[in-house]
Amino acid sequence: MRRHRFGTVAALFAASYVAAVVGSGAHALATGDPTLLRKIVTGWWDPNLVPYTWWVELLMVAGGVLQGWAYWQVLRGRPAGTAAVNDRPVRLLRAALYLSVACTLLYRLPISYPWWSDLPADLLDFAVVGLFFVVLAGALPRWLRLLGGVAGLASAVMGVTSTVAYGLDQYSVVQAISPYRLGNTVHLLWLVPVLVGQARDARWDRGTVRMGGAAAALSLLSSGGHSIVAFGGSDVNYRLVMLMVLSVLGVFGMVWQARSAHDLGGPAPAPSPAAPVRRAPARAWPLAALAVVIPLIPAAVNLADGMPVWTGPRGAVDDFFHGYVSYPATVLWVAVDMLIGVGAPAVLVLIAIVRRTRRLLRVTMLILTLAAAAGVVTSFTTKPEADWQLIPEVVDQRLALYPDGLFDPNEKGEILFGLSPLWYSAALAASALVLLALYGAPPAARLRHHVLVTALATSVAMCFLPAADQSRGPVTTAEDCSPPEPWEMDGRPAKPPPRTGSQAFICAVRRQNALTFDATTPDQVLLAYGRRLCAVYTRNDPRELARLREVEGVDVGNLSGVLAEICPAAKAEVTAKAAAENREYEEFAAEEQRKCDATPRHRPLIKPAKAIRLKEPEWPEAGLELYDESAGEGRSTSAGPVTAGPGRVTVGTHSDFYVCVTLETYPRRPPVETKGWDDVVEVGYANQSGEMSFMDGLSGTELPDLSLNGRKGHYRIRVHFAWFPWKGEEYGTQRLLIMAYPGSGDKVVTYRGLPKRR
């Protein structure tokens, strides 16, 4: 390990920082308060945004350890030994890089800064871009340096403009200068050529270039400085967690800048001859061709069905790219999805076989293994009815980058994705194994853990491959059977046609848990078992029914409603039972109507402005309430069936009986009538909306408007209640007369009331 000028001091500081992180992490896990840990690691992430969660705090501790390593890399200085003698552009570049790192370290302190404090770092970017253009003159062709220089200057201009616009609350300017779809693409157009130049220049260490590569990858994933709006709460917002993690991993950019400056200040390395290119020996072409052909098999099957994609917009991997990273990274993912879907990995394998360099073969096998793992993750995190399909805007966003019409719903409203990603995983893993067997490094140069990991990953992927002769078939879930809400229909009919036949039976089983089957049991298994139960139900043999109840715990006699759509005998019984219930209800409703028709009509003593006798009886379940939302708080008073308070009048009724209702509105106070009534109570009500309608939210009952032609102001409400006897019944039915007229006063007046109501 190379020694550095301030290595000991940097190590002590990094160790102290890591100790503080671990201690604050232990405190957070013990007390549930992550405030101190968040301030040390992230500087500003309030626990109200991302509440305490044990795994989030473990991530923060790991991020703090990474930051400690980064501070050691930054603070240790240039390599020990005689300092390099550099010309003026190199010295200025070192100074600009160190100043940029100092600004980054300063901003990591958990204190507040004015918006203009970002401007020095933004202005330093101009110097860094220009000086890299000069220093890399001997390592890069002029056209590539010009491309990087122009992109770097454009990125610096965008940074300064965005800082000023944010400071002046001109967010529209930020979107115009740096739209979210651009992400950090302009910055990457500068950073990538710089890294290429550093890789070609002997003054920079290979580790420095790797740090820059990690910073470039994180820059591609980052949203480019645009915020993600979210709210605090008890649940973890994974988008905010992702932002926290990216902010912690941002130390790679700082490490790259510091190491770039360190390397320029150290002794010039001795020139070393170029390492020879190691090539694997050629193998028999049929075996090599097998590695090329295997990835083409699932692609050919998918293309035959008109599906040129690998995973499509489904699963956790696609969720990550569409919901948590930058738009350019999402575009890149969709491109990879379609390339793998049409068999592009076969081209990569062919190039690796033709060139046979050790590095290219290792990279190819790594890419194949990662793609196989992504397919496995996608397959096991795909839901039959993805949540994003419920919101049309999200569907449009997820499908926008794919060809039009590729994922249109079929006649059943289902979106078909083609072949399972597990087939691709098996093919890609098998191709990687063939490459490993043919071109693996000799035992002396082979790393055992590489072989073990590759073989294990491939074996696991192939274990999950579904066998064609044991196809599970579709699995309908309880969520699939739930009717969509109106806002989920995207202009289609609000009520989809009812399910019939086998689908109705399967949905009845799923939603009611009528049979003891797992939720993952295939539909075909449920349907076969249901037909067997139908045969038992139709035969109606008491001994067979008892045996089935004892052995399998299934009472077939109680499953008529579940079996109705696949069993004619059960359908006939359910139909007959429903018809009997309908007749009984119709007779009951007709009897209640006859009761109301027999009640005496009220004859007003003075002419009302309007009088309404409801033709049909009402059946409120929680009484009738007149309520004004703008009313304030206050004390309520009860008298008989009436309870009155500020902006509220409630009439209590018996929930087991219908109510025959008459409503009358007068322009002035009507005479008091008590004859024939059990309770007569008058209360005050302030009408601020211009409408007065008694209602019952539980049953959905709403009575006509009682106001005087929409008049606002104070009213008096007089409630008459009585029981009407009927054919010797104990109660009969309820009568209700409600009068309203303009009048002042909130006093509750009881004109008549029984000592004890039934």
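Scope of this entry: the structure provided in the associated data block. Model, not experiment: these values are computed from the prediction. (Residues numbered from 1 in each chain as written. Predicted model: local features only at pLDDT ≥ 70, side-chain atom pairs only at ≥ 80, totals over all residues. Heavy atoms only, no water.)

Some remarks on the nonpolar core
- Counting residues in hydrophobic clusters, the biggest one holds 92 residues, and the most contacted among them are F132, W190, W256, I353, F407, L435 and Y439.
- Here this core gets 10 residues from one element, more than from any other, and that element is helix 19 (residues 421–439).
- Contact partners of F132, with chain neighbours within four places excluded, come to L93, L97, W190, V194, Q198, W204 and W256.
- Counting 28 residues, the second largest nonpolar core, distinct from the first, contains L626, F657, I717 and A740. (Core = buried A, V, L, I, M, F, W, Y, C linked by side-chain atoms within 4.5 Å. Buried < 20%, exposed > 50% of the residue type's maximum accessible area, 1.4 Å probe, protein only. Helix = DSSP H or I, 4+ residues; strand = E, 2+ residues; numbered from the N terminus. Contact = heavy atoms within 4.5 Å.)

Section: the sheet that holds strand 11 (residues 733–742)
- Pairing in this open sheet of 6 strands is mixed, and the strands run 1-6-11-10-7-12 from one edge to the other. In this open sheet, the two strands that pair with only one neighbour each are strand 1 (610–613) and strand 12 (749–752). When the angles between neighbouring strand axes are averaged without regard to direction, this sheet yields 20 degrees.
- Sheet analysis places strand 6 (residues 659–665) next to strand 11, joined by 7 bridges and oriented parallel. Considered in strand 11, the bridge of V661 is made with L736. (Pairing = 2+ DSSP bridges. Axes fitted to C-alpha atoms, helices over the stretch in contact; angles between N-to-C directions.)

Some details on the packing of aromatic side chains
- What the rule picks out here adds up to 15 aromatic pairs.
- Note on F13 and Y71: the rings are 6.1 Å apart at their centroids and 65 degrees apart in plane angle, and the pair reads as edge-to-face. Here Y71 lies in helix 3 (residues 54–75) and F13 lies in helix 1 (residues 7–31), a separation of 58 residues in the sequence.
- Assessed through its relative accessible area of 43%, F13 is described here as partly exposed.
- Considering the side-chain rings of W69 and F252, the 6.2 Å spacing of their centres and the 55 degrees angle between planes classify their relative orientation as tilted. You can see W69 sitting in helix 3 and its partner F252 sitting in helix 11 (residues 251–265), a full 183 residues away along the chain.
- An aromatic cluster is present here, built from F132, W190, W204 and W256 joined pairwise through their rings.
- One cation-aromatic arrangement involves R711 over Y715; the distance from NZ or CZ to the ring centre is 5.1 Å.
- Positioned above the aromatic ring of W677, the side-chain terminus of R735 is 4.2 Å from the ring centre. (Phe/Tyr/Trp six-rings, centres within 6.5 Å; stacked < 30°, edge-to-face > 60°. Lys NZ or Arg CZ within 6 Å of the ring centre and 35° of its normal.)

Observations concerning a nonpolar patch on the surface
- A cluster of nonpolar side chains, L29, Y52, W54 and L58, forms an exposed patch at the surface whose accessible area comes to about 390 Å².
- Relative to the helices and strands, W54 resides in helix 3. (Patch = residues over 30% accessible without salt bridge, like charges linked within 9 Å, V, L, I, M, F, W, Y side chains within 5 Å. Areas by Shrake-Rupley, 256 points an atom, 1.4 Å probe, with all protein chains shown as cover. Salt bridge = Lys/Arg side-chain N within 4 Å of Asp/Glu carboxyl O.)

So, the packing of helix 23 (residues 523–539) against helix 26 (residues 568–598)
- Closest axis-to-axis distance for the helix 23/helix 26 pair is 8 Å, and the angle between their directions is 60 degrees. On the side of helix 23, the interface is formed by C534, Y537 and T538, while helix 26 contributes P568, A569, A570 and E573.
- Of the residues assigned to the contact of helix 23 with helix 26, the class counts are 5 nonpolar, 1 polar and 1 charged. (Nonpolar A, V, L, I, M, F, W, Y, C, P; charged D, E, K, R; others polar.)

Some details on the state of the cysteines
- Enumeration over the complete set of coordinates arrives at 2 disulfides.
- Paired through a disulfide, C534 and C567 show a sulfur-sulfur distance of 2.3 Å. Disulfide C534 to C567: torsion about the S-S bond roughly 80 degrees, handedness right-handed. Separated by 33 residues along the polypeptide, C534 in helix 23 and C567 in the loop between helix 25 (560–563) and helix 26 bring together distant segments of the chain. In this structure, C534 and C567 share a single accessibility class: buried.
- Through a disulfide, C596 is tied to C660; the S-S separation comes to 1.9 Å. On the S-S bond that ties C596 to C660, the torsion sits near -95 degrees, and the link is left-handed. Highlighted residues: C596 in helix 26 and C660 in strand 6, separated in sequence by 64 residues. Side by side, C596 and C660 carry an identical accessibility label, which is buried. (Disulfide = S-S within 2.5 Å.)

Overview of helix 22 (residues 501–512)
- Taking 1.5 Å per residue as the helical rise, helix 22 with its 12 residues ought to reach 16 Å, and the 17 Å between its terminal C-alpha atoms agrees with that figure.
- Taken together, the buried positions of helix 22 are occupied by A504, F505, I506, C507, A508, V509 and R510.
- Those residues of helix 22 that are buried are in contact with helix 21 (478–481), helix 23 and helix 25.
- Directly beyond the C-terminal end of helix 22, a positive phi value near 50 degrees is found at N513. (Expected span 1.5 Å × (residues − 1).)

Focus: the pairing of strand 7 (residues 679–687)
- Taking burial as the measure, the 9 residues of strand 7 include 8 buried ones, the bulk of the element.
- One ladder, built from 9 bridges, connects strand 7 with strand 10 (residues 713–724); its direction is antiparallel. Counterpart to V680 in the pairing with strand 10 is H720.

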